[in-house]
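# Inside the fold
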Amino acid sequence: MSGAVDLSALKQPPAAPGGAPAASGNHSVTEADFETKVIRRSMQVPVVVALYSQRSPGSVELIRTLERLNADDRGAWDLAAIEAEPNMNIVQALRVQGIPTVIAVAGGQPLADFEGAQPEAQVRQWLDAVMDATAGKLEGDPNGPEPEVEDPRFTAAEDALAEGDIAGAEAAYEAILAAEPANEEAKAALRQLRFLTRAQQIDPAVVATADADPANLDAALDAADVELLEQRPEAAFERIIAVIKRTAGDDRTAARTRLLELFELFDQAEPFVVAARRKLATALY
């Protein structure tokens, strides 16, 4: 699988779905922490991503098997158990065809995978092959390079977020940009933070309001925010493009501006972003 799947779309996710925890242990991962617990962590040790469903007894048992093997290996690799239904962006980005699916990620890239429940002996054999393939090649390996030092400015912003200090986190990112106006990581983090701050204050009932009154611009924009927060970007984009098609003047400008802001929350190569940009061009011209 190496090189066949682009994980960049899962960086800086727009929202954190609820989702049920993994069968046991503290291995549960969602879209909100996929970048930290999988992509970044895989620079240090292999990360075994296991996508499962509570409705599939076989996949839940596979999670338990992986947890046992992870405990046996004493931290040589990380387990990221991801419930598929509330984390469909991950499922789509990894091109998962069936549940359960297990994917080894190393150095930020998918390395190997298998689909379906497997006997513990076969899972052990697969894990051993992954460990052999990555031995000495990651930062967490004894013979690997020194781990990258985290930027304390970003650490301070993340700590503020963890404490619920939204204003403090925003100020920290703004300070980074004041010193480095071209810092793309700070720009992306600030966009995400401002979107979440705005969207989380909106009553989800506004979606019904917007559907009932298509001429209500404010309701339409708020409804799009709610849909994006619910991990439905295509619906959010379609709603605003429909507004652009039927409006003119200041209303059209406001809708177009909001849509472009929402585009910036994603990797611009994402297929649903590319498709929406084409629809926007058609609506405008």
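Residues numbered from 1 in each chain as written. Predicted model: local features only at pLDDT ≥ 70, side-chain atom pairs only at ≥ 80, totals over all residues. Heavy atoms only, no water.

Membership of the largest hydrophobic core comes to 24 residues, with the highest contact counts inside it found for Phe237, Ile240 and Leu259. Of all the secondary-structure elements, those providing two or more residues to this core are α7 (184–199), α9 (217–229), α10 (233–246), α11 (249–263) and α12 (271–284). No other element matches α10, which puts 6 residues into this core. Setting aside residues up to four positions removed in sequence, Phe237 forms contacts with Leu259, Leu262, Phe263, Phe266, Phe272, Val273 and Ala276. The next biggest cluster of nonpolar side chains, apart from the first, holds 18 residues, and it includes Trp77, Val102, Ala104 and Val123. (Core = buried A, V, L, I, M, F, W, Y, C linked by side-chain atoms within 4.5 Å. Buried < 20%, exposed > 50% of the residue type's maximum accessible area, 1.4 Å probe, protein only. Helix = DSSP H or I, 4+ residues; strand = E, 2+ residues; numbered from the N terminus. Contact = heavy atoms within 4.5 Å.)

Aromatic ring pairs are reported here in terms of the distance separating the ring centres and the angle at which the planes meet. On inspection of all chains with the given rule, the structure shows 6 aromatic pairs. Ring centres 6.3 Å apart and planes at 35 degrees place the aromatic pair Phe237 and Phe272 in the tilted group. Separated by 35 residues along the polypeptide, Phe237 in helix α10 and Phe272 in helix α12 bring together distant segments of the chain. Aromatic ring contacts, followed pair by pair, group Phe237, Phe263, Phe266 and Phe272 into a single cluster. (Phe/Tyr/Trp six-rings, centres within 6.5 Å; stacked < 30°, edge-to-face > 60°.)

When you tally the buried positions in strand β2 (residues 78–83), you get 5 out of 6 residues, the bulk of the element. With 6 bridges connecting them, strand β1 (residues 47–52) and β2 associate as parallel partners. Across the sheet, the residue bridging to Tyr52 is Glu83, located in β2. In this region the chain leaves β1, passes through helix α2 (residues 57–72) and returns to the parallel neighbour β2; the handedness of that crossover is right-handed. (Pairing = 2+ DSSP bridges. Right-handed = clockwise from strand over helix to strand, strands pointing away.)

In short, shape yes, function no, at least from these values alone.
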